[in-house]
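Residues per chain are reported as follows:
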Amino acid sequence: MTAPLIEGQDLTLSFGGEAVLDHVSLAIFAGEIMTLIGPNGAGKSTLVKALLGLQAVEGGRVTRKPGLRVGYVPQKLAIDRVLPMTVKRFLNLTHHASLSDRVDALKQVGASHVLNSQIGDLSGGETQRVMLARALLRKPDLLVLDEPTQGVDVAGQADLYRLIETIRKEQGCAVLMISHDLHLVMAKTDKVVCFNRHVCCSGLPETVRQHPEYRSLFGYRAADAIGIYHHEHDHEHDLSGQVVGGCGHDHSHDHNHDHGHDHSHSHHHDHDASRAKEHLNG
Ligand SMILES: Nc1ncnc2c1ncn2[C@@H]1O[C@H](COP(=O)(O)OP(=O)(O)OP(=O)(O)O)[C@@H](O)[C@H]1O
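Rules of the game
Residues numbered from 1 in each chain as written. Predicted model: local features only at pLDDT ≥ 70, side-chain atom pairs only at ≥ 80, totals over all residues. Heavy atoms only, no water. Helix = DSSP H or I, 4+ residues; strand = E, 2+ residues; numbered from the N terminus. Contact = heavy atoms within 4.5 Å. Polar contact = N/O pair within 3.5 Å; in protein donor to acceptor, adjacent residues only side chain to side chain. 1 Å grid on protein atoms, 1.4 Å probe; cavity = no way out; pocket = protein on both sides within 12 Å on 5 of 7 lines; lining within 4 Å. Points joined across faces, edges and corners; volume = space filled by probe spheres on them. Nonpolar A, V, L, I, M, F, W, Y, C, P; charged D, E, K, R; others polar. Near = heavy atom within 4 Å. Areas by Shrake-Rupley, 256 points an atom, 1.4 Å probe, with all protein chains shown as cover. Pairing = 2+ DSSP bridges. Axes fitted to C-alpha atoms, helices over the stretch in contact; angles between N-to-C directions.

## As for the environment of aspartate 190
Part 1 of the argument: Residue position: aspartate 190 is located in the loop between helix H6 (182-188) and strand S8 (191-195).
Part 2 of the argument: Along the backbone, aspartate 190 and isoleucine 33 are 157 residues apart, and their C-alpha atoms lie at a distance of 5.3 Å.
Part 3 of the argument: Once you skip the residues sitting within four places of it in the chain, aspartate 190 turns out to touch Gly31, Glu32, Ile33, Arg168, Gly203, Leu204 and Pro205.
Part 4 of the argument: A distance of 2.8 Å separates a polar side-chain atom of aspartate 190 from the backbone nitrogen of isoleucine 33.
Part 5 of the argument: A distance of 2.7 Å separates the side chain of aspartate 190 from the side chain of arginine 168, its partner in a polar contact.

## So, the layout of surface pockets
Part 1 of the argument: The computed volume of the largest pocket comes to approximately 260 Å³.
Part 2 of the argument: As for the largest pocket, its lining consists of 13 residues, of which Val70, Gly71, Tyr72, Val73 and Arg138 are closest to the centre.
Part 3 of the argument: The dominant element in the lining of the largest pocket, judged by the number of residues it contributes, is strand S5 (residues 70-73), at 4 residues.
Part 4 of the argument: Of the residues that constitute the lining of the largest pocket, the class distribution is 7 nonpolar, 3 polar and 3 charged.

## Focus: the site of the ligand
Part 1 of the argument: Not every one of the 15 residues close to the ligand is listed here, only the nearest: Gly41, Gly43, Lys44, Ser45 and Thr46.
Part 2 of the argument: Between glycine 43 and the ligand, the recorded distance is 2.9 Å, taken from a backbone N or O atom to an oxygen atom.
Part 3 of the argument: Out of a free accessible area of 640 Å², the ligand has 61% covered by protein chains.
Part 4 of the argument: Ranked by residue count, the leading element in the shell around the ligand is helix H1 (residues 44-52), at 3 residues.
Part 5 of the argument: A per-class count over the shell around the ligand returns 4 nonpolar, 8 polar and 3 charged.

## Quick look at the sheet that holds strand S3 (residues 33-37)
Part 1 of the argument: The strand order S5-S6-S7-S3-S8-S9 describes an open sheet built from 6 strands, whose pairing is mixed. Each edge of the sheet is formed by a strand with only one pairing partner; in this case those strands are S5 and strand S9 (199-203). The sheet shows a mean angle of 10° between the axes of neighbouring strands, taken without regard to direction.
Part 2 of the argument: One ladder, built from 4 bridges, connects S3 with strand S7 (residues 174-178); its direction is parallel.

Here it is as structure tokens:
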């Protein structure tokens, strides 16, 4: 097997005494689309930064292929949107690219029309495309996208995932993404890593969607992503609604766990089923 582009082995890191990376091992290989999913505060962005060498870890080792070129689109735009700046100029900020390269990069992401627009005037979808174009100017072996569809409406989200797939095909680059769009991820990813401070489960989307830890983390949204409703509980909740057992560490974070009542036994939830259907229909 060829060497991975990036490999993290047994990574550990704590913030304020709380483990954010708890013995995490992960490898990303050339040409694959890998998506990290997990609840808010699960440590996904921290893991990505650790893999890119932007965040120091306390234990473990990160190995990157020598000469690896990475195009990284972070979660938060580090530019002042009030500052007057055209897209043309923005694309030239971090490294100089010829005008024709900038025009080509915008064409690749279907955003040629914004070349002379002000950054602050772009829609959510256009902003994400410009950020992608900027990452592509590095001719990356690996594109790293932290929530590429933030600020983008539902129809636009599907378009963006299609675009990412096309870019992967045309450029032959690997893609490492963080996403909350479960159903789209399940359709457009080679490998899914379900993450909550440690790797809960990983593999093909079909494999992960069968996994009890995936279901326990995402509740009815997991069913939404599957397209059928069949919810089995493999874990229990304590009185405050925290998950006991299963993948759920005892964090004070939102687990996206949408159960307001106690159910410490295994059964099917009709009310959640109808909500999942509503979600699917609407
Ligand atoms: N530099 C830092 N110093 C202290 N705490 C941090 C730092 N970076 C992240 N954290 C904390 O670590 C935890 C994980 O954060 P992280 O942003 O990695 O989660 P995430 O899974 O990407 O979340 P989200 O889905 O909400 O973006 C959070 O509790 C966060 O507050």
